[in-house]
Amino acid sequence: MKSNISLKKNLNIWMALSLVVGMVIGSGVFFKATPVAKYSGSFTFIFFAWLLGGVMSLCGALVAAEFSARYPHTGGLYVYLEKIYGNEISFLFGWMNTLIYIPAILSALSVLFADQVSSMLNANQMVHDILALSILTAIVIINVIGNKYGGALQLLATVLKLIPLFLIILFGLIRPIEAENFASYGHFTKNFGLAVLSTLWAYDGWLSVPNVAGEMKNAKKNLVLVLIFGMLFVIVVYLLVNIAYINVIGIGKLATVENAINLISEKLFGQIGKVLISLGIIISIVGTLNGFALTGIRIPYAMATNQRFIANNVFSKLHPRFATPVNSSILVYILSLLYIFTRSFNRLTDLAMFSTWIFYVLFFTGIFIKRKREGKNKEGYNTFLYPITPLVAIFSGLYVLVNNIFSNPTDSIFSVLITLLGLPVYFLFVKKKIKK
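Residues numbered from 1 in each chain as written. Predicted model: local features only at pLDDT ≥ 70, side-chain atom pairs only at ≥ 80, totals over all residues. Heavy atoms only, no water.

Of regular secondary structure, the protein possesses 18 helices and 0 strands. In the protein, which comprises 436 residues, the share counted as buried stands at 53%. Sequence separation of at least 24 residues holds for 82% of the intrachain contacts in the protein that already meet a minimum separation of 6. Only carbon and sulfur atoms are counted for the fraction: they give 68% of the accessible area of the protein, which is about 18,600 Å². (Helix = DSSP H or I, 4+ residues; strand = E, 2+ residues; numbered from the N terminus. Buried < 20%, exposed > 50% of the residue type's maximum accessible area, 1.4 Å probe, protein only. Contact = heavy atoms within 4.5 Å. Areas by Shrake-Rupley, 256 points an atom, 1.4 Å probe, with all protein chains shown as cover.)

This is the structure we're talking about:
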């Protein structure tokens with residue numbers, strides 16, 4: 001029996017393409033340009049960092065397409081890792097998502113929202129913290145009440161988030177090219193891996209797309225086309241917008257000015273234009289925050305309903321009125337609150353990306369295990385340019401991970417320790433329930 005027999009294939013290629021673009025383009029392109037410039041030092045390496053991050057993500061997306069064609073089930077990477085490595089690794093992935101990845105992302109976006117609003121209002125630190133806590137609380141409540149409101153918010157934000165990007169590209173590139181703006185800020189260093197890691201935040205989201213493979217029309221053909229052209233579109237947009245940034249304020253300021261996007265907006269559009277662009281960016285942040293909350297609060301719930309989590313009876317419960325995973329939401333919410341007090345957008349996003357790319361590398365490696373065990377897909381998509389594509393993704397990911405360990409050892413060790421803490425939890429509380 002096919003696992004997706006009850007799914008309705010309503011997603012055509014254009015709907016799926018908009019899903020790729022909407023999930024990937026978020027806050028990162030506006031606020032990760034500064035750390036990328038800081039760690040890269042020159043226009044060549046800035047350009048290469050954004051290109052490499054895009055190629056890594058594209059290669060990973062193509063690998064994911066092969067798995068989704070073979071296993072068109074809900075759960076995405078969690079399901080794929082279980083098929084490849086078994087319950088232990090898939091549990092660690094879900095554990096890491098619950099304790100690090102999703103809370104770190106929700107906290108980072110809440111801090112970023114507060115940064116932008118505080119800048120507009122010239123508010124103090126207390127107001128900043130209240131804003132961060134308030135937006136996180138509001139978004140979680142909206143998603144507990146029901147996905148009807150969260151869905152409407154997501155649709156609006158997806159449309160509006162592209163407007164400031166296109167305006168910056170248009171007006172930033174039609175300005176006269178000033179050679180001095182492209183002069184090197186520094187030189188190539190071992191921190192280039194952190195530059196690539198920063199771009200991966202901006203490209204993150206592509207792995208959500210294969211989750212809807214069972215609902216796509218002609219998924220065998222359309223999924224790979226959507227992933228290729230969707231990611232290529234995002235890569236081109238990111239490269240163009242960064243060239244526009246540099247042409248407006250120069251590499252030096254881009255690498256050193258806090259909230260450089262505000263300076264860029266003011267130079268391009270004046271004070272009123274700056275406010276309008278800032279509002280568009282804030283809406284984009286809220287939309288991205290809502291999207292990650294919508295999916296993230298369901299991770300411990302999904303694990304608990306399959307007897308793969310701790311206190312399964314607690315976290316598998318739905319709200320009696322709204323039929324949403326309320327206890328799972330509370331858990332993610334509390335963890336996110338704790339992370340908010342780091343008050344660091346870049347540190348939180350780097351932590352999230354490092355944590356999840358450990359499992360991405362395992363996933364990319366898993367395609368060789370899958371091919372040896374099961375061969376090519378008899379029906380559906382097989383990874384383009386195999387084995388080159390997964391090898392590029394694997395070695396690129398390993399470079400970033402190793403570089404981050406040496407450049408940022410404290411957060412790297414924290415991430416690994418929290419993830420490995422899941423092993424005794426699994427063997428003490430989870431494994432015996434799976435056997436039943």
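From this point, the discussion proceeds with the structure in view.
Now for the pattern of salt bridges. Charged atoms that come close allow side chains of opposite charge to pair. Inspection of the entire model under this criterion finds 2 salt bridges. One salt bridge connects Glu 66 with Lys 370, and the closest N-O pair in it is separated by 3.0 Å. Within this pair, whereas Glu 66 is found in helix H4 (residues 43-70), its partner Lys 370 is found in helix H15 (residues 345-374), the two being separated by 304 residues in sequence. Relative accessible area serves as the criterion here: at 2%, Lys 370 is assigned to the buried category. Through salt bridges with shared partners, one network takes in Glu 66, Lys 370 and Arg 371. (Salt bridge = Lys/Arg side-chain N within 4 Å of Asp/Glu carboxyl O.)

Core analysis: the biggest nonpolar cluster contains 133 residues, and Phe 91, Trp 206, Tyr 238, Tyr 245, Leu 254, Phe 363 and Phe 364 have the highest contact counts within it. For this core, the element with the highest residue contribution is helix H10 (residues 219-256), accounting for 19 residues. The contact partners of Phe 363, leaving out residues within four places of it in the chain, are Gly 60, Val 63, Ala 64, Phe 67, Leu 77, Tyr 80, Leu 81 and Ile 84. (Core = buried A, V, L, I, M, F, W, Y, C linked by side-chain atoms within 4.5 Å.)

The geometry of helix H6 (residues 87-121) relative to helix H11 (residues 260-296) is characterised by a closest axis approach of 9 Å and an angle of 150° between their N-to-C directions. The orientation of H6 with respect to H11, classified from their angle, is roughly antiparallel. Where H6 crosses over H11, the two elements pack in a sense that is left-handed. A breakdown of the residues in the contact of H6 with H11 according to their chemical character gives 19 nonpolar, 7 polar and no charged. (Axes fitted to C-alpha atoms, helices over the stretch in contact; angles between N-to-C directions. Parallel < 35°, antiparallel > 145°, perpendicular 65-115°, else oblique. Left-handed = near helix turned anticlockwise from the far one by under 90°. Nonpolar A, V, L, I, M, F, W, Y, C, P; charged D, E, K, R; others polar.)

What follows covers H11. Given a rise of 1.5 Å per residue, 37 residues ought to cover 54 Å, yet the end C-alpha atoms of H11 are separated by just 29 Å, more than 12% below that figure. Considering bend angle alone, the principal kink of H11 is centred on Phe 269 and spans about 130°. (Expected span 1.5 Å × (residues − 1). Bend = angle between axes of the 7 residues up to and from the residue.)

What follows covers the side chain of Ser 265. Inspection of the secondary structure puts Ser 265 in helix H11. The residues touching Ser 265, leaving out its near neighbours within four places in the chain, are Gly 270, Lys 274 and Ile 277.

Moving on, we come to the environment of Val 224. Relative to the elements of secondary structure, Val 224 occurs in helix H10. Along the backbone, Val 224 and Glu 66 are 158 residues apart, and their C-alpha atoms lie at a distance of 8.7 Å. Aside from chain neighbours lying at most four places away, what touches Val 224 is Leu 62 and Tyr 381.

Below, the discussion takes up the side chain of Asn 242. Residue position: Asn 242 is located in helix H10. A relative accessible area of 3% places Asn 242 in the buried class. Those residues within four positions of Asn 242 in sequence are excluded, and the remaining contacts are Ala 33 and Trp 50.

This part is about the packing of aromatic side chains. The full count for this structure, using the stated rule, is 21 aromatic pairs. Each ring, one from Phe 43 and one from Phe 47, has its centre 6.1 Å from the other, and the planes form 45°; the classification is tilted. Taken as a pair, Phe 43 and Phe 47 lie in helix H4 at a separation of 4 residues, close to a single helical turn. With relative accessibility at 26%, the residue Phe 43 sits in the partly exposed group. A residue is classified by how much of its surface remains accessible, and Phe 47, at 31% relative accessible area, is partly exposed. Joined through ring pairs, the aromatic side chains of Phe 67, Tyr 80, Trp 357, Tyr 360, Phe 363 and Phe 364 make up one cluster. Here the guanidinium or amino end of Lys 370 rests over the ring plane of Phe 67, the centre of that ring lying 5.8 Å away. (Phe/Tyr/Trp six-rings, centres within 6.5 Å; stacked < 30°, edge-to-face > 60°. Lys NZ or Arg CZ within 6 Å of the ring centre and 35° of its normal.)

Counted according to the given criterion, the structure contains 5 cavities of 30 Å³ or more. Taken as a whole, the largest cavity encloses approximately 70 Å³ of empty space. Going through the elements one at a time, helix H1 (13-24), helix H9 (192-203) and H11 are the ones with two or more residues in the lining of the largest cavity. Class assignment for the residues of the lining of the largest cavity results in 7 nonpolar, 4 polar and 1 charged. (1 Å grid on protein atoms, 1.4 Å probe; cavity = no way out; pocket = protein on both sides within 12 Å on 5 of 7 lines; lining within 4 Å. Points joined across faces, edges and corners; volume = space filled by probe spheres on them.)

A few words on unusual backbone geometry. Between Tyr 386 and Pro 387 the backbone carries a cis peptide bond, its omega angle lying at 5°. Along the chain, Pro 387 falls in the loop between H15 and helix H16 (388-407). You will see that Asn 122, though not glycine, has its phi angle at about 55°, which is positive. Mapped onto the elements of the fold, Asn 122 is located in the loop between H6 and helix H7 (125-145). Residue classification places Asn 122 among the exposed positions, given a relative accessible area of 71%. Although it is not a glycine, Leu 385 adopts a positive phi angle of roughly 60°.

A contiguous nonpolar surface patch, about 580 Å² in accessible area, is contributed by Met 120, Leu 121, Ile 272, Val 275, Leu 276 and Leu 279. If one sorts the elements of the nonpolar patch by residue count, H11 sits on top with 4 residues. Relative to the helices and strands, Ile 272 resides in helix H11. (Patch = residues over 30% accessible without salt bridge, like charges linked within 9 Å, V, L, I, M, F, W, Y side chains within 5 Å.)

Our focus in this paragraph is helix H17 (residues 409-420). When the terminal C-alpha atoms of H17 are compared, their 16 Å separation across 12 residues agrees well with the 16 Å that a helix rising 1.5 Å per residue should span. Those residues of H17 that sit buried are Asp 411, Ser 412, Ser 415 and Thr 419. In a view along the axis of H17, the buried residues occupy a sector of 105°, so they form one face of it. Exposed side of H17, more than 90 degrees from the buried face: Thr 410, Ile 413 and Leu 417 are the residues found there. (Arc of directions from axis to C-beta.)

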